[in-house]
Amino acid sequence: MARRKSQKIIRTRPRNVTTGMCRECKTIGRIQILGPPGEERAKCPACNKEFEL
């Protein structure tokens, strides 16, 4: 009988999330990127405001 190995859990974050600083509330953390390429806007989950990148 062959020994079965368990799979490693790979944690990946969504591709539209990056780390940065919010220009509105100055919080450093996760920033969501919204909009099509070339017209991207960012949204801060802490203050829930959108701003230009």
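Reading guide: rules and limits
- Residues numbered from 1 in each chain as written.
- Predicted model: local features only at pLDDT ≥ 70, side-chain atom pairs only at ≥ 80, totals over all residues.
- Heavy atoms only, no water.
- Pairing = 2+ DSSP bridges.
- Helix = DSSP H or I, 4+ residues; strand = E, 2+ residues; numbered from the N terminus.
- Axes fitted to C-alpha atoms, helices over the stretch in contact; angles between N-to-C directions.
- Core = buried A, V, L, I, M, F, W, Y, C linked by side-chain atoms within 4.5 Å.
- Buried < 20%, exposed > 50% of the residue type's maximum accessible area, 1.4 Å probe, protein only.
- Contact = heavy atoms within 4.5 Å.

**Student:** Describe the sheet that holds strand E2 (residues 28–34), and please don't skip the residues or the numbers.
**Tutor:** Across the sheet, four strands lie side by side as E1-E2-E3-E4; this open sheet has antiparallel pairing. At either end of the open sheet lies a strand with only one pairing partner, and these are strand E1 (17–21) and strand E4 (50–52). Each adjacent strand pair in this sheet contributes to an overall mean axis angle of 45 degrees, direction not counted. Looking at chain direction, E1 and E2 are connected through five bridges and run antiparallel.

**Student:** How would you sum up the nonpolar core? Please name residues and give values.
**Tutor:** In terms of nonpolar packing, the biggest core is built from five residues, these being Cys 22, Ile 31, Ala 42, Cys 44 and Phe 51. When residues no more than four places from it in sequence are discounted, the contact partners of Phe 51 are Met 21, Cys 22, Arg 23, Glu 24, Ile 31, Arg 41, Ala 42 and Cys 44.

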